[in-house]
Amino acid sequence: MNRISVLLADDNQTLLRLIADSLSRKPEIEIAGMAKDGVEALEMVQSACPDVLLLDIVMPRLDGFSTLEQLARLDLPKRPHVIMLTGLTRDDFISRAMRLGADYYMIKPFDMQMLYTRILEVARADDAPVYLSGPDTQTGASVDERVTNLFLSIGIPAHIKGYGYLREAVKMVMENHDLINRITKELYPGIARRFSTTPSKVERAMRHAIEVAWSRGRLDSVNRIYGYKVFSAEDKPTNGEFIALIADKLSMRQTA
């Protein structure tokens, strides 16, 4: 098997050395280079043609977003898979990175073994699923982080309204599971009040978000997370079924 070449780009030199030292111990990986900003990263991408680029967002000269934009314009034999490594957790930042072509978005500080696993996944699959990862995606994660993690894995874009409505619904059902039996009378109206909209718009936006997720064909990523078939392309759930299933799965992992 050919080794996976990885290029690191981060202005934190201490972190760069730690990542390089950890990954260089893996027989499947070789370090293609270490860049301290986006300008150097683009130069090294053209000269080294890495399989995977680990890219920070906040860097001098050229930030991660601008690097992604310029990367898309380069005439390359192959475009490297990109894993964003950053401390920025805002949904609009995550959404922007994904629209610009990032494969994964990992939150600092992150687990080195998890980073290694993600590198193997993106390098070995051309259609690797989007996956938000961070220090709390295993035990101890906040509900927001775990819901965001799962939604991005499925392929629900963070910038559409249904994303926020579904996330709020899952959190509400995790707190009070009986709400799923009163979805039209209490759940939709409750979310509508929180977002200053109407229950019917909440319902339609949720439906649209689920339609988008199914059209993206990333269901295998969720099935891998749970270790068995949770979703299938043929069995598209209703809003209530989707919310109940996500809430149940996250509650099970929380108490595991």
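Residues numbered from 1 in each chain as written. Predicted model: local features only at pLDDT ≥ 70, side-chain atom pairs only at ≥ 80, totals over all residues. Heavy atoms only, no water.

> What is the right way to read the packing of aromatic side chains from this model?
Working definition: an aromatic ring pair is given by the centre-to-centre distance plus the angle between the planes. Across all of its chains, the model carries 2 aromatic pairs by this definition. Ring plane angle 75° and centroid distance 5.0 Å describe the contact between Tyr-165 and Phe-195, whose orientation is recorded as edge-to-face. Of the two residues, Tyr-165 is situated in helix H7 (residues 161-175) and Phe-195 in helix H8 (residues 183-195); the sequence distance between them amounts to 30 residues. Positioned above the aromatic ring of Tyr-116 is the side chain of Lys-26, whose terminal nitrogen or guanidinium carbon lies 4.6 Å from the ring centre. (Phe/Tyr/Trp six-rings, centres within 6.5 Å; stacked < 30°, edge-to-face > 60°. Helix = DSSP H or I, 4+ residues; strand = E, 2+ residues; numbered from the N terminus. Lys NZ or Arg CZ within 6 Å of the ring centre and 35° of its normal.)

> Would you mind showing me how to read the nonpolar core here?
A general feature of soluble globular proteins is that nonpolar side chains tend to end up buried together. Ranked by size, the top nonpolar core spans 35 residues in total, and within it Ile-156 and Ile-243 carry the most contacts. Sorting the residues of this core by element identifies helix H6 (143-154), H7, H8, helix H9 (199-216) and helix H11 (239-255) as the ones contributing at least two each. Per-element tally for this core: the top contributor is H7, with 8 residues. In contact with Ile-156, other than residues within four places in its own chain, are Phe-151, Tyr-163, Leu-166, Ala-209, Ala-213 and Phe-242. One finds Leu-62, Leu-71, Leu-76 and Met-84 within the second-largest nonpolar core, a separate group that totals 24 residues. (Core = buried A, V, L, I, M, F, W, Y, C linked by side-chain atoms within 4.5 Å. Buried < 20%, exposed > 50% of the residue type's maximum accessible area, 1.4 Å probe, protein only. Contact = heavy atoms within 4.5 Å.)

> Help me understand the pairing of strand S1 (residues 4-9) in this model?
Regular strands have side chains that alternate between both faces of the sheet. In terms of residue burial, S1 counts as a mostly covered element, since 6 of its 6 residues are buried. In this structure, S1 lies alongside strand S2 (residues 29-35), joined through 6 bridges in parallel fashion. Across the sheet, residue Ala-9 finds its bridge partner in S2, namely Ala-35. Pairing analysis gives 4 bridges linking S1 to strand S3 (residues 52-55), with the strands arranged parallel. Across the sheet, Leu-7 pairs through a bridge with Leu-53, a residue of S3. (Pairing = 2+ DSSP bridges.)

> Mind showing me how you'd approach the packing of helix H1 (residues 13-24) against helix H5 (residues 112-124) here?
Two measures define how a pair of helices packs: the angle their axes make with one another and the distance between the axes. It is at 11 Å that the axes of H1 and H5 come closest, and there the two elements cross at 65°. Relative to H5, the element H1 is oriented roughly perpendicular. Remark: the crossing between H1 and H5 carries right-handed chirality. Only Met-112, Leu-115, Tyr-116 and Ile-119 of H5 make contact with H1, whose side of the interface consists of Leu-18, Ile-19, Ser-22 and Leu-23. (Axes fitted to C-alpha atoms, helices over the stretch in contact; angles between N-to-C directions. Parallel < 35°, antiparallel > 145°, perpendicular 65-115°, else oblique. Left-handed = near helix turned anticlockwise from the far one by under 90°.)

> Sorry if this is basic, but what is going on with the packing of helix H2 (residues 38-48) against helix H3 (residues 64-73) here?
One way to put it is that H2 packs onto H3 with a least axis distance of 9 Å and a crossing angle of 25°. Taken together, the axis directions place H2 and H3 in an arrangement best described as roughly parallel. Considering the relative orientation of H2 and H3, their crossing is right-handed. In contact with Gly-38, Leu-42 and Val-45 of H2, H3 contributes Thr-67, Gln-70 and Leu-71. In the contact of H2 with H3, the residues fall into 3 nonpolar, 3 polar and no charged. (Nonpolar A, V, L, I, M, F, W, Y, C, P; charged D, E, K, R; others polar.)

> What is the right way to look at empty space enclosed by the protein in this model?
Rolled over the atoms, a probe with the dimensions of a water molecule shows which regions are left empty. Scanning all chains against the criterion turns up 1 cavity of 30 Å³ or more. There is about 50 Å³ of room inside the largest cavity. What lines the largest cavity is simply Leu-8, Ala-9, Asp-10, Leu-15, Leu-16, Ile-19, Leu-54, Leu-55, Asp-56 and Leu-85. For the lining of the largest cavity, the elements supplying multiple residues, two or more each, are S1, H1 and S3. By residue number, the principal contributor to the lining of the largest cavity is H1, which donates 3 residues. Taken together, the residues of the lining of the largest cavity sort by class into 8 nonpolar, no polar and 2 charged. (1 Å grid on protein atoms, 1.4 Å probe; cavity = no way out; pocket = protein on both sides within 12 Å on 5 of 7 lines; lining within 4 Å. Points joined across faces, edges and corners; volume = space filled by probe spheres on them.)

Any functional reading would require information that these geometric values do not contain.
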